[in-house]
Structures are given as structure tokens and as C-alpha cells.
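What follows is each chain in one-letter form.
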Amino acid sequence: MPASLCLIIATFLWGSSFIALKYAIAIYDPALVIFLRMLTTLIMSLCLWRYVIRFEYRIGDWKYLVGMSLAEPCLYFLFEGHAMEYTSASQAGVIVSCLPIIVAFLAYFMLKEYISKAIIIGFTFCIGGSILLTLLSPESEQAPNPMLGNFLELLAMVCAAFYTVSVKHLVARYSPLTLIALQGVSGSLFFAPFLLFIDLPSENQHDLTALLSILYLGSCVTLGGYGLYNYAISKVSVLTAAAYSNLIPIFTLILSAIILGEILTLGQWLSIAVVFIGVMISQRHQELAVTITNPPVSNHKRNSAPTANEFNE
């Protein structure tokens, strides 16, 4: 499957996850929702065991494997699960637009990838737009505390960015399902102790829509979305893959309007525009990186003796 198609499907699934998560946490505690989600992923990964065991461990990989697992699903789902208690699905989707910028910064420090002024300017616009969105977002039934919710979602994006960079380092030696199975194990173990501190629902408190939402999150979103994303990131650069996350808020806004009936104010739309301006500015980073990676050949070099390949051409 083409990497671009994998990324489009993955971002659609992630955009829909905010809607499903909103349904699930309306009935169940976020800790229980995330635990059941990761347990679902783990069980389904075990059914695909012959693909899970395809990996080649190298000395030092444990640092990236542990860091990846801690960042996502553990801290990421912890932040995002509670963020959806306080903010709307549409606002959370807009905060996701900051992900490519954060990935670029982490890629610079961890993978030594080039970072340009366009990234810095775009980062400023995205963060400024996110803050403006938070300040202009009134409290509502869908967003009782948007300031806290959007801040938690931003922390989740930092974790997601670290996950993306770690996967890029590992995916050449580990199959996508291997990394997903590791997420299922780490997520289930991490969130299991939280069940001791929450009130578990009784038999008559279950809701079919919420249970189906959890099943959808664990199978389609985590197993399917992350599987497609991990496969695609093995084919393209980490910044190219992260750039597709710009589609997540678009899918989220559309689905929120259709399914949840959410309506955004003019100020919120202006804040969203600021975020997208920052994203568009940051996309110039790829063009500048290509220019630096492949500098134009000087006249002096062009006047030198041609190579054998040039004779053949």
C-alpha cells in the first residue's frame, strides 16, 4: 500500500478517535477506558503473533523501546484521556496541528535533522493559535474547562512527537506490529494499577455505545492506525509523516459537526486559522532542507572533467 494512502487512513482513524473517546469517557472513567483499549490491542496483537516476532534487536535499542512505550501509549493516553474530560473533540483536534512542529524540534536533537527558521516561526504561530483558541473557547457541556483540557492535549502531542521520532529510529529493524504489541503490553501494565483507585461500573451501568467505542479505539485506531503509520514511516521521512497529522483536525472537525453536533464560534475559527498559518509556514522547512541537502553544483565543478556516468548519459 502506498505510504501516502496509509498516512491518510491513519489520520482519519486518529481524527475519529476523539469522537469515540468522548463517547467512552462519558460513561466510564478515563483510566478504565484506556486500560480496556490497550488490552484490546494486546489481545488482537497476540492473534497476529507470527508478525509480532519479526524484529532484530541491537544493543542500545532498549532506550528507544522503553522511551517509546512510556511516551505512547502510557503518558500520551493519560494526558489525552483526561484532556477529553475538559475540552471538546474539535478543539483537541486543532491542538494536534502542533505535532509536526514539535516533531521537527525533537528530530533535530535526536536524529540531527536540519531545522529552519520556518519551523521556528511556524511553531510560534501554532502555539499562539492554540493559546488563543483556549482563551476564546467558552465553557460548555462539551468543554467544561478548555484551558486545562487543551494544555493536557498539548502535553499529549509532545509525547506523540517523541513516539514518532523513536519509531523512525526503530522501524528499520522492528515490524510495525512488533511495536504495536509492545504498546499493548506497556499500556496494559501501566494502566492496570489505576483500576485500584477508581469506581468500577456495575453490571447495570454498562453502555453498548461506549463499549463499542472502546473496541473501536483498541482495534481500528490503535492497531489499524498505528500499524499503518508505523509502516508508512519506514518509507518516508519523519517530518513528511508528521506533516500528515494536519489532516487530523480537519477530520475531527467534520466528524464532530456530523456526529456530536459541535458548533465553533467566530473567534475559535480565527484561532484555528492562526494554527494552520503556522503549519503552512512550517512546511517550507522541507523545501529548505532539500536545498541544503542537495546544494547546486558550482560552475567550477561543472567545468571539470566529466565522469563516466556523464559520458553514458
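Residues numbered from 1 in each chain as written. Predicted model: local features only at pLDDT ≥ 70, side-chain atom pairs only at ≥ 80, totals over all residues. Heavy atoms only, no water.

(A) Local environment of a nonpolar patch on the surface. Residues L46, W49, I53, F55, Y57, W62 and V66 make up a contiguous nonpolar surface patch of about 770 Å² in total accessible area. Relative to the elements of secondary structure, L46 occurs in helix α2 (residues 30-46). (Patch = residues over 30% accessible without salt bridge, like charges linked within 9 Å, V, L, I, M, F, W, Y side chains within 5 Å. Areas by Shrake-Rupley, 256 points an atom, 1.4 Å probe, with all protein chains shown as cover. Salt bridge = Lys/Arg side-chain N within 4 Å of Asp/Glu carboxyl O. Helix = DSSP H or I, 4+ residues; strand = E, 2+ residues; numbered from the N terminus.)

(B) Representation of the packing of aromatic side chains within the structure. Counted by the stated rule, this structure contains eight aromatic pairs. Between the aromatic rings of F55 and Y174, the centroid separation amounts to 5.7 Å while the plane-to-plane angle is 5°, which identifies the pairing as stacked. Note that F55 is positioned in the loop between α3 (49-52) and α4 (61-86) and Y174 in the loop between α8 (146-170) and α9 (176-191), a separation of 119 residues in sequence. Note on F55: relative accessible area 44%, which makes it partly exposed. (Phe/Tyr/Trp six-rings, centres within 6.5 Å; stacked < 30°, edge-to-face > 60°. Buried < 20%, exposed > 50% of the residue type's maximum accessible area, 1.4 Å probe, protein only.)

(C) Structural context of α4. Compared with the 38 Å implied by 1.5 Å per residue over 26 residues, the 37 Å span of α4 between its first and last C-alpha is a close match. Along α4, the sharpest kink reaches roughly 35°, centred on F77. (Expected span 1.5 Å × (residues − 1). Bend = angle between axes of the 7 residues up to and from the residue.)

(D) Seen up close, the pattern of salt bridges. Taken as a whole and assessed by the stated rule, the structure comprises one salt bridge. One salt bridge in this structure joins R173 and D61, with 2.7 Å as the shortest N-O distance. Taken as a pair, R173 in the loop between α8 and α9 and D61 in helix α4 lie far apart in primary sequence, 112 residues in all. Judged by relative accessible area, D61 falls into the buried class, the value being 3%.

(E) Spotlight on the confidence of the model for the protein. Summary statistics for the protein give a mean pLDDT of 79 and a share of 82% for residues scoring 70 or more. Segment residues 287-293: pLDDT under 50, and five contacts once partners within four positions in sequence are set aside and those in other chains are kept. Residue range residues 297-313 is modelled with pLDDT below 50. Its contacts to residues more than four positions away, or to other chains, number three contacts. (pLDDT = per-residue confidence, 0-100. Contact = heavy atoms within 4.5 Å.)

(F) Region of interest: the environment of L70. When you line up the elements, L70 lands in helix α4. Between the alpha carbons of L70 and C159 there is a distance of 8.5 Å; along the sequence they are 89 residues apart.

(G) How the structure looks around the environment of L212. Here L212 is to be found in helix α10 (residues 208-233). Spatially, the C-alpha atom of L212 lies 8.7 Å from that of A20, the residues being 192 residues apart in sequence.

(H) Spotlight on the nonpolar core. Counting residues in each nonpolar core, the largest one holds 72 residues, and the members touching the most others are V33, Y76, V103 and M157. Look past the residues within four positions of Y76 in its chain and what remains in contact with it is A71, A156, M157, C159, A160 and Y226. (Core = buried A, V, L, I, M, F, W, Y, C linked by side-chain atoms within 4.5 Å.)

(I) Layout of the packing of α4 against α8. Packing of α4 against α8 leaves a shortest axis separation of 8 Å and a crossing angle of 160°. Accordingly, the angle class assigned to the pair α4 and α8 is roughly antiparallel. Taken as a pair, α4 and α8 cross one another with a handedness that is left-handed. In terms of residue class, the contact of α4 with α8 is made up of 21 nonpolar, five polar and four charged. (Axes fitted to C-alpha atoms, helices over the stretch in contact; angles between N-to-C directions. Parallel < 35°, antiparallel > 145°, perpendicular 65-115°, else oblique. Left-handed = near helix turned anticlockwise from the far one by under 90°. Nonpolar A, V, L, I, M, F, W, Y, C, P; charged D, E, K, R; others polar.)

(J) Up close: the side chain of D61. A distance of 2.9 Å separates polar atoms of two side chains, one belonging to D61 and the other to Y174. The residues contacting D61, other than those within four sequence positions of it, are E56, H169, L170, R173 and Y174. (Polar contact = N/O pair within 3.5 Å; in protein donor to acceptor, adjacent residues only side chain to side chain.)

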